[in-house]
Amino acid sequence: MNQFVETDATDAQASEAPLPPGLYIVATPIGNLGDLSPRAASILSRVEAIAVEDSRVTAKLLHHLGIKRPMTPYHDHNADKVRPGLVERMAHAPVALVSDAGTPLISDPGYKLVRDARAAGIAVTTIPGPCAAVAALTLAGLPTDRFFFLGFLPSKEKARAEAIEEVAAIRATLILYESGPRLGATLAALAKGLGDREAAVVREISKRFEESVAAPLSVLAERYAESGPKGEIVIVVGPPGPAPAATQDDAEALLRTALQHLPAAKAAGEVARATGLNRRDLYARAMEMKDEEE
Ligand code: SAM
């Protein structure tokens, strides 16, 4: 079966026909310009305007593509002011949204533009492509089945420690963006707040000096303590080790609670599932508890 499903919208987008009005979210390269998809290039060449984070950055990309399109700055400092005008424009013209690099909206402006466009009944299309978080995850050699994206942590020490504490119990690989100068301090804070988990510092993805350095957090913190490396960085931290085994005391407390609303056999089954302890032993203990109560 053909897994590449083409909708009417993508047919129109793939041809040279004029684009229907709407918002086109276009991912751009995070380093290697060759990573811009042909569809992204086609969309950028045919929209009436491109909302950009920094027109100097996007001008270089458009120059590389041999495209000239009007650009409208859309960034954290002017977004609230220019958003209504952009949404109005999309109602009758195709407008693209790009960020300086990678996928717009991912630690970049855009989600309120999508929200308001949707609320105004405007068609929203995404042109997927590079994203540093996902690319780093593929390089890190850490579990990929469950991951949690944290973006940038706060720079102040206390707020950073609190943010780390908040995610310490999450049983998933963590992905963070960071800059060179803050790398050492962030790795040390992660080692302190999460324990010495396996991690990777992934740098300069798709560029000349791409590298992925994997080691326990404490080793990475030491390696980058003095000076952070140059370039753009993603930190990937492996999930916590297995949860500590439930103790007999935990099981007793759970059984007591379960017996308040379940018969002994069901209570034992529920606690066995939750703790991994033997169901027969738990049933025997549940019966003892019932006898003690009578
Ligand atoms: N929207 C972008 C995306 O899809 O990845 C992320 C934008 S965020 C403002 C920029 C951060 O992404 C950088 O500070 C760095 O942490 C990470 N990043 C971007 N490009 C990268 C690259 N080539 N290699 C490693 N990290 C990169």
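Residues numbered from 1 in each chain as written. Predicted model: local features only at pLDDT ≥ 70, side-chain atom pairs only at ≥ 80, totals over all residues. Heavy atoms only, no water.

**Q** Report on the sheet that holds strand 10 (residues 232-237), specifying residues and quantitative values.
**A** Here we have 5 strands laid out as an open sheet, ordered 6-7-10-8-9, and mixed in their pairing. The sheet terminates laterally at strand 6 (147-152) and strand 9 (211-216), the two strands that pair on one side only. Each strand of the sheet is rotated relative to its neighbour by a mean of 20 degrees, with strand direction disregarded. Against the sheet, helix 8 (residues 180-194) makes contact with strand 7 (173-179), strand 8 (198-203) and strand 10, and its axis sits at roughly 150 degrees relative to strand 7, the strand it touches most. (Pairing = 2+ DSSP bridges. Helix = DSSP H or I, 4+ residues; strand = E, 2+ residues; numbered from the N terminus. Axes fitted to C-alpha atoms, helices over the stretch in contact; angles between N-to-C directions. Contact = heavy atoms within 4.5 Å.)

**Q** Go over the domain arrangement of the chain, please, and point to the residues and values.
**A** Each assigned domain of the chain is listed with its residue range as follows: domain 1 (2-130), domain 2 (133-237) and domain 3 (248-293). Computed from C-alpha atoms alone, the centre-to-centre distance between domain 1 and domain 3 is 57 Å. (Domains from an automatic or database assignment.)

**Q** With reference to specific residues and values, describe helix 7 (residues 157-167).
**A** The periodicity of an α-helix, 3.6 residues per turn, causes residues three or four places apart in sequence to face the same way. Within helix 7 the residues assigned to the buried category are R160, A163, I164 and V167. Looking straight down helix 7, one finds that the buried residues subtend no more than 100 degrees of arc, so they occupy a single side. Residues K158, E165 and E166 are exposed on helix 7 and point more than 90 degrees away from its buried face. On its buried face, helix 7 is in contact with strand 6, strand 7 and helix 8. (Buried < 20%, exposed > 50% of the residue type's maximum accessible area, 1.4 Å probe, protein only. Arc of directions from axis to C-beta.)

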